[in-house]
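# Structural overview
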Amino acid sequence: MAVTRDFLVKLFADPKQVISAFQKVAGEANSTFGKQGLGGKLTSLLPSFKTVAIAGTAAFGAVTAAAGFAIKAAAEDAESQARLAQALKNTFGESEALVTETEKLITQFSKSAAVADDQLRPALGVLITATGDFAQSQKLLSLALDISAGTGRDLESVTIALARASQGTFTQLTRLGVPLDQNAVKTKNFAEVTRQLGDAFEGQAEAKADSAAGQFRAFGIAVDELKEQFGTLLLPMVITFTD
């Protein structure tokens, strides 16, 4: 990411300017998250940050590398949100309220199934585009998570198969190796097929999330979310340094 590289170069070239910008970010974080939250943590880091920045040690290089990863994660998350927002707009028209509610839904799915939001957003976008129905897309995403957890298939493949089946093409769904009633497939009875799949895979996503591996994965997702929040705070600094 060229912008991030330029930002890190300027970190080394002018630490005093970095410290000033960092103080500004910490102040904004205090206003947004409170002194007991992320803002306070950033403020408490400033003395060490200042010392390391001026010294120009290898430790500072590690800090700036971490900042670069955080900025990249924040930018990618923003891009993911924008793509889903555009899919919502294309299907249902302009609605900030719908975008906000959809992001809340994504967060709920991420927590309950221990699946990253950058996997959930494109999956939901595909279903919305295919069905043109928000409520149905929500139910199909839940089903896709259960099927993915129960079969080990990736969420993208399952979602695309369900999206195609909702439009009358069951080929990809049959290739997943899931139990399907052939009469329902021949008659393209999508409602019956999804009902049977729901019965067959009910609770699989939750069970996988509750496992030791699922809890570890949820912890990793939580860490990534904090990284994205930190990167979001640093993005204005990137814009300032690269102007």
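Fair warning: this is a prediction, and the values are worked out from it, not measured in the lab.

### A word on the overall build of the protein chain
Looking only at helices and strands, the protein chain features 13 helices and 0 strands. Reading the protein chain from its N end, one meets helices and strands in the order α-α-α-α-α-α-α-α-α-α-α-α-α. Here the protein chain, with 243 residues, has 39% of them falling under the buried criterion. In the protein chain, the proportion of contacts linking residues at least 24 apart, taken out of those at least 6 apart, comes to 61%. Just so you have it, the protein chain exposes about 13,200 Å², and 55% of that area is on carbon and sulfur atoms.

### A short note on the packing of helix α6 (residues 117-131) against helix α8 (residues 155-166)
The contact between α6 and α8 brings their axes to 9 Å, and the two run at 10°. Here α6 is positioned roughly parallel relative to α8, judged by the angle of their axes. Judged by residue contacts, Gln119, Leu120, Ala123, Val126, Leu127, Ala130 and Thr131 of α6 engage Leu155, Thr159, Ile160, Leu162, Ala163 and Ser166 from α8. In terms of residue class, the contact of α6 with α8 is built from 9 nonpolar, 4 polar and no charged.

### Here we look at the packing of α6 against helix α7 (residues 134-151)
It is the contact of α6 with α7, at a shortest axis distance of 9 Å, that shows an interaxial angle of 135°. It follows that α6 is oblique to α7 by the angle criterion. Handedness of the crossing formed by α6 with α7: right-handed. On the side of α6, the interface is formed by Leu120, Ala123, Leu124, Leu127, Ile128 and Thr131, while α7 contributes Phe134, Gln136, Ser137, Gln138, Leu140, Leu141 and Leu145. Here the contact of α6 with α7 is composed, by residue class, of 9 nonpolar, 4 polar and no charged.

### Some thoughts on the side chain of Ser137
Position of Ser137 relative to the elements: it lies in helix α7. Looking at Ser137, the relative accessible area reads 0%, which means it is buried. Within the local environment of Ser137, its side chain forms a polar contact with the backbone oxygen of Leu127, the two atoms lying 3.2 Å apart. At a separation of 2.9 Å, a polar atom in the side chain of Ser137 contacts the side chain of Thr131. For Ser137, the contacting residues outside a window of four places in its chain are Leu124, Leu127, Ile128 and Thr131.

### Here's the deal with the nonpolar core
The biggest cluster of nonpolar side chains holds 39 residues, and the ones touching the most others in it are Leu145, Leu162, Leu173 and Leu197. Of all the elements in the fold, those that place two or more residues in this core are α4 (58-92), α5 (96-113), α6, α7, α8, α10 (182-186) and α11 (190-201). Ignoring anything within four residues of it in the chain, the contact list for Leu173 reads Ala161, Leu162, Ala165, Val178, Leu180, Val193 and Leu197.

### Side note on unusual backbone geometry
Not every positive phi belongs to a glycine, and Ala114 is a case in point at roughly 55°. Positionally, Ala114 belongs in the loop between α5 and α6. In the Ramachandran plot, Lys188 falls in the positive-phi region, its phi being about 55° despite a non-glycine side chain. Classification of Lys188 as exposed rests on a relative accessible area of 53%.

About the cut-offs
- Residues numbered from 1 in each chain as written.
- Predicted model: local features only at pLDDT ≥ 70, side-chain atom pairs only at ≥ 80, totals over all residues.
- Heavy atoms only, no water.
- Helix = DSSP H or I, 4+ residues; strand = E, 2+ residues; numbered from the N terminus.
- Buried < 20%, exposed > 50% of the residue type's maximum accessible area, 1.4 Å probe, protein only.
- Contact = heavy atoms within 4.5 Å.
- Areas by Shrake-Rupley, 256 points an atom, 1.4 Å probe, with all protein chains shown as cover.
- Axes fitted to C-alpha atoms, helices over the stretch in contact; angles between N-to-C directions.
- Parallel < 35°, antiparallel > 145°, perpendicular 65-115°, else oblique.
- Nonpolar A, V, L, I, M, F, W, Y, C, P; charged D, E, K, R; others polar.
- Left-handed = near helix turned anticlockwise from the far one by under 90°.
- Polar contact = N/O pair within 3.5 Å; in protein donor to acceptor, adjacent residues only side chain to side chain.
- Core = buried A, V, L, I, M, F, W, Y, C linked by side-chain atoms within 4.5 Å.

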